[in-house]
Every structure is written in structure tokens, then in C-alpha cells.
Amino acid sequence: MIQLKNVSKYYYSKGMISSGISKVDLTLEIGEFVVITGESGSGKTTLLNVISGLDSYEEGEMYIDGTETSHYRASDFEDYRKRYIGNIFQHYNLVNSYTVYQNIELILLINGYSRDEIKRRVPDIIKRVGLESHAGTKVSKLSGGQKQRVSIARALAKDTDIIVADEPTGNLDSVSAEGIVELLSEIAHDKLVIVVTHNYDQFAEYVTRKIKMHDGRVVEDIRLKEDEGLPAFAVLKTEDARREHMGREMSAASKLRLGVRNTFNIFPKFILMLAVFMFVVFAVTSQYTAFRNQEAEEDRLGYNDYFYNYSENRVVLKKSDGSAFTGDDLNAINNVANVETVAVNDILLDTPLYIENEDTFYEAYPRSLREFDGTLVTGRMPEADNEVIFTAVRDEFDANMIEALMDRTFQIDLGEDTAVNLTIVGFAYKETNDGVFTYTGELFATDQMISTILTETYSYNSTVTTLVNGKEQQYVEGNSFYRIVPNSRVAAGQAFVAEELNNFYDENDGVRGKTITVTASNILYTQSVDLTVSEVYTSRTFESITGIADYESHNGTIYVSPDDYAALFAKGNYQASVYVRDVDDMAHTLEALEAMGYTTLPLKDTLISMFSDLTSIIRVPITVVVIVALFFIAYFVIRLILRSRTSYFSILRMLGLARRNIRRILDVEMLLTVNIAYAIFLLCVILVNKGFINIQYIADMVAYIGAVDYVILYAVMIVMAYLISGKFARNLFKKTAMGAYREEE
């Protein structure tokens, strides 16, 4: 069965080499009850570990059923132990947190037995060793003799050809020891039983062969008697049946079962591991949300080259068909959930007016007096179209500054040729600059004044072209040619133009009486009017025709009637803005508005930050560094916790379980703990969101996490648990099974 030829085993420790066994030659057969004896340090335990595949050897050759093993890897020896070896250890090597039944069940699970087979087989094995009354008792509560019987029962359950026992009676009283010796003797009738002991006399009556070791060498090998037949209780299987069981692979269900059992088997260990993964979940989430918070803050500090008012809760709307907003449209928008206010004169939110004289300069934005809901600090409400209320942030204005504004009239330029005089008759504080408006002040004016300002705003923001005799001429800002200006002297449908337009016609046929087409075009609308030229002015006739004295500044201007000017620029609202109450719920608001037929543009998505590109570049590597750091922190802490399990996994290796199977059991344990930790995290999030508990730390975190982020976080935790499991398993298998067990001891 087993043959050793010149086998030697050496140990390396701190640069020193020592010999365990040297030049051992042995042949061992089925049916022998072999006792290996010798003084301490003689090499008997080392020889037993080499025979059982728990330790490797450096020289010579060991044959199993005639097969060489010198080329065996760790996985090959694990398979060898699984197929051939039943171990009985001096210190039992049982799982103390398991019951008697579970310890015996364990070896059958490893060897691929089904649950039905285990249920039939385990009770019979327990009965054979006289422990039927202790089947449900945890091994930690048994006496030494009872533990050794469990160890023997485990070896019997495996039903291998070889039983090896290291000092099986070393920790027992004489009565218990005698029972163990008799039991081993009965087993030896159909197996090869090899026992290492200091006390040969306990076994002398039963052994068939005595081997004595000294200084790592076999100094005595005596055959004492032959096998006397099978014991009465022996249940023999055919060779094919035995090989079929020894060749089975551990099932996925068994790995899952052991993984789940081990997760909760030692509850303090489970709580510690759960705490570690809870820390990792919250730490990763905290780091991620810190970046999201930083990103949100950068967005708030960003800028937009087109929109002056780019508060994060503003959404610009246009109708999908390009038409103007009606009163019904605005009322319907105002009724959408999460909409706080609707800005009717939307374009004015991005049109600053400048209040200035020799002593004062302020930037303010026009708003309808109907929208004013503040409290006047001083002054009164406007009564005329040229009277306004000025509001500003409290921190920016003191009493002296307010006095400098009150009852003062300021000229406000609305365009190149239009200006209005506005008198500030009231002042109010805007208590905080809360992000809804991001400018210095506001001017609340009557609807008539707002209409005037809106008209000039359309004019200023439009591209104006004039079609003269089939040739299109565009007005260029800063140049007076083809500029459109209203003049009360011009009748509706007519125009006053400069003599230069005669050049578009034949010498004898000027522009007078001809039709020109003026078109105003902007992002909101395009409007054209056809005009008949009724007057052509020159430098000599300019003032008499237009009523304006400064010819040089106005030469080339096209003068139209106020009605035609209004047709071009006094338009309705083609664009509106809404301000939402809750920015975090903006996505649902956008969906509702888009379902109503509006095109939406949330301004928080249009901002440019000088820091955003830089932080985007460094965010990924920082996140990776943090996650890697957390991985190693978690690994080292979990490794300390799992040190209590090293002996357990070493026992599994001694019993023949392959590395990949141990890894799967460990995976189940890690992944189950992670899932429980993540479930607790989600429960905390739900309770915080529902208001059942008030934990500001969690509330601040979840404010920046979306559904996709939860999935990513879960994936990160699963990967981290899998990597921790793999790293621990690799370290566990760096040594032989016996080496790892000795390190744990």
C-alpha cells in the first residue's frame, strides 16, 4: 500500500536546517496495525505526517499503490489525503464550535456524500464509538476520551484504507485509553492503521508490527502477528463502491451550507467581521459622497457665459412648437409638483440694468412689481411707471448706501437709442442670497415699464436684417446703418431711410416708394414687416424729417412707426423659467414638464467651473487609492479575526479538502457578511429618508447618492470581499497543511 525508499525530511528555521527523518525505508500493507514508537524528537510524528501527506519530504521517494509522489503538488497531497487517509490527531483537531454530529458530517460533506447518505451514515458511526447520547453536544463540552472517540468516528466515516493516529491516548486516562486502543485494533482488520505513541505497552497486546525511531531513523522494525479477521461490526464495501465515494467532488450545496454555518457559528467573530464591513461600506460611501458634494459645490461656484442668473434650481422652458406662452400655460406649469415660482419675463432674468451716476453704480435685474413680496425698509410703493423698488442683500448695503439711492432718479440705458429715467422710491432687503438669484439687486417696476424693458431686450438680442431690392443688409452693433429705431413721425407701414439706399436702384429710380422688408431674428422667434419708403433723408433734410438734430450719429438709421417697431420687438414670452423647491427632486419635475410638451434646460447642468476639470482628473486616482487603502485595512483586521479560523481551514486541508473548495467556503462567508452589512446600510438609509431616525451623517451622505451609485457601491463591496477572501486563502496555502496548523498553534 505505502512504500518509502530513502525518504528524508528537513526543517528550515531562521537560517538553520534540522533533520526530521533521514533515509527511511518502509513498506506498509492493508491489515497491519503498526505502532511507531521512540523518544521525543526521534522523528516518529514527522514520519507519520509524511506518510499521511500532511508534510512534504525533500529526498527519496514515497509510493502510494506503486505511484511515485515526489512530484506531488499541495493539491495532489490534498487529493491523496481525501482518498486514502483518515487522521486521528493527538489534540483531536476537531471543530470545537461544531456538535459531534456536525464534526462527523463535515468529513462526509468534504467527500461528496449527499444529505440523505449523511443522515443514514452518521448516526451509525456515532453509535459505533458509543456517543449516541452526545450527538447534539458541542465538542468543546466533551471530555478528552469523548473527543478522541469523535476523532476516530470521523476517520471511520471517511472509510479510507489508511488510518493514522498521532498519540491517540496521550491525553486520556487509562480506562478511556484502553477503549480507544481496542477500537483501533478492530479497525485495523480491514485497514492499514498506523499509530505513533510514547506508551507502547498500551498497544502491545494488539499491534501486528512495531517500528522504533531514533534520531530520525528507523532502528527497529518487527512484525509481531498477522491479521486475525474482521470485527463483528465492520461494514465492508466493494472496492468499486469505495473508489466511487473517494472520487466524489464536494457539492456546491455543501460548500454553501458550510459557508453559511461558519458565518454565524462563532457569533463574536461574525459581529466583528460585520463591524469591519459596515465600516468599509460607510467609509467608501462617505468618500464617494464627499466627491459628489465637492462637485456640487463646484457647480454652484461655476459660471455661464450666456445666462447671468444661473441658480441651481432654475429651469428654462420653451414650448416644443416654438409658440409664445399663454396665461393657461403658465398656470398649468405653476401647478406642477415641486415648482415654487414661475418667472414670466424670463429673458429679463439675464438682462442686467445699470444704475449709475457720478457717485453710484449698481447692477440690478428687472422684475414685475406684482412679484414683490418683501417688506419696505424705507420709502413707499411705486405709483408711476418710472418709479421702482430696489432690493439688495442685507450684508451689502448699510444706511448710508440706502440714503444715497432713495428718491434719486437714474438714467437706465436700454439700448443704443433708448433710455428711461427711473426713480427709486422704496428699498427692501433680500434677507439672504440663497442661490435663487445670484446678482446684486432687483428693480421692481410696473408692468408698463417691464413691457418697455422687454421690448428693448428683444431688440438688443435680435439679428436685424433689411431686404432692399433683393439684397439683404445686416445691422452691426455700434454702426448706425440699418439700425431700426421707432419714430412717432413715421406712419404705420412706412419707413424713413437714408439717401444711401438709392444706390440699390437705377440712377433715375430711387428707393422712395419702394418696399423694404425688415426682419428681426433671435433664438425665440423670427418676425418680419414690409415697409414702404415714404421719406429719404439727407444731411440737409435729416432734422426736418426725423426731428433729430444729430445727423452724424444717426445716418443710415431706418426709422419706423412705433406700431411696426412693436410688431418686431414687443412680443410675448417665448421663454419661461421655473424655480424648483427641491433640487434633488428636479429629475421628476423635468419629466413632468417634458410630458406637457416643454423643452427643459436645467441651468445647474450648464455651468462651467475652473476647478471641475482638475478635480475630475484627480478624483478617480484618489478614489482608487482610498478604496485600496480600505481594502488593506479591512484585510488586515479581518485576517486577525480569521486567525481564529486558521486552525479550522487547516483541519479541512488535513481532511483532504482542496484549495478551491476552501476558497469557495470562505467566499460564501465573506460575501454573506458583506450582504448583511450592505442590507443594514440600506436599512439605515431608508429609516433616515423616512424620518424614523435622525442621523445627520447618513442624511448628508445619501443626499448625493442615486440608484446607480448604490449598485456601484454594492459591486465595489462584493469585489472587495472576494479579493479579501482570495488573499487570505492564498496566505493560508503558502505552507503545507501541517505547517499552517503549527503556525496557528
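For the structure itself, consult the block above.
Residues numbered from 1 in each chain as written. Predicted model: local features only at pLDDT ≥ 70, side-chain atom pairs only at ≥ 80, totals over all residues. Heavy atoms only, no water.

Student: So, a positive patch on the surface: which residues are in play, and what are the values?
Tutor: Judged by side-chain charge, Arg639, Arg659, Arg730 and Lys734 come together as a positively charged surface patch. Mapped onto the elements, lysine 734 comes out in the loop between α20 (707-732) and α21 (737-744). For lysine 734, a relative accessible area of 65% gives the class exposed. (Patch = residues over 30% accessible without salt bridge, like charges linked within 9 Å, V, L, I, M, F, W, Y side chains within 5 Å. Areas by Shrake-Rupley, 256 points an atom, 1.4 Å probe, with all protein chains shown as cover. Salt bridge = Lys/Arg side-chain N within 4 Å of Asp/Glu carboxyl O. Lys, Arg positive; Asp, Glu negative; His and termini not counted. Charge placed at Lys NZ, Arg CZ, Asp CG, Glu CD. Helix = DSSP H or I, 4+ residues; strand = E, 2+ residues; numbered from the N terminus. Buried < 20%, exposed > 50% of the residue type's maximum accessible area, 1.4 Å probe, protein only.)

Student: Please set out the packing of helix α18 (residues 659-690) against α20 residue by residue, giving values where relevant.
Tutor: Where α18 contacts α20, the two axes come as close as 9 Å, and the packing angle between them is 150°. If you check the angle between α18 and α20, you find them roughly antiparallel. In this structure, α18 crosses over α20, and the sense of that crossing is right-handed. (Axes fitted to C-alpha atoms, helices over the stretch in contact; angles between N-to-C directions. Parallel < 35°, antiparallel > 145°, perpendicular 65-115°, else oblique. Left-handed = near helix turned anticlockwise from the far one by under 90°.)

Student: Just give me the short version of the packing of aromatic side chains, but keep the residues and values in it.
Tutor: Evaluated as defined, the whole model comprises 30 aromatic pairs. Relative to tyrosine 648, the ring of tyrosine 98 has its centre 5.9 Å away and its plane inclined at 70°; by these criteria the two rings are edge-to-face. You can see tyrosine 98 sitting in the loop between β6 (85-88) and α3 (100-110) and its partner tyrosine 648 sitting in helix α17 (residues 612-654), a full 550 residues away along the chain. With respect to class, tyrosine 98 is no different from tyrosine 648; both count as buried. The side chain of lysine 210 reaches across the aromatic face of tyrosine 200, ending 4.4 Å from its centre. Positioned above the aromatic ring of tyrosine 98, the side-chain terminus of arginine 261 is 5.1 Å from the ring centre. (Phe/Tyr/Trp six-rings, centres within 6.5 Å; stacked < 30°, edge-to-face > 60°. Lys NZ or Arg CZ within 6 Å of the ring centre and 35° of its normal.)

Student: Account for the pattern of salt bridges, with residues named and values stated.
Tutor: If you walk through the whole model with that rule in mind, you get 24 salt bridges. The partner of aspartate 221 in a salt bridge is arginine 209, and the shortest N-O contact between them spans 2.7 Å. You can see aspartate 221 sitting in strand β10 (residues 217-223) and its partner arginine 209 sitting in strand β9 (residues 209-214), a full 12 residues away along the chain. Take arginine 209: its relative accessible area is 3%, and that puts it in the buried class. Taking the shortest distance from any N to any O, the salt bridge between lysine 514 and aspartate 509 comes out at 2.6 Å. A network of salt bridges, in which partner residues are shared, links Glu32, Arg209, Asp221 and Arg223.

Student: Tell me about helix α6 (residues 174-187), and please be specific about residues and values.
Tutor: End to end, α6 covers 20 Å across 14 residues, agreeing with the expected 20 Å (1.5 Å per residue, within 8%). Along α6, the residues classified as buried are Ala177, Gly179, Ile180, Val181, Leu183, Leu184, Ser185 and Ile187. For α6, the side-chain oxygen to backbone nitrogen distance between the N-cap and valine 175 is 3.1 Å, and the N-cap itself is aspartate 173. (Expected span 1.5 Å × (residues − 1). Polar contact = N/O pair within 3.5 Å; in protein donor to acceptor, adjacent residues only side chain to side chain.)

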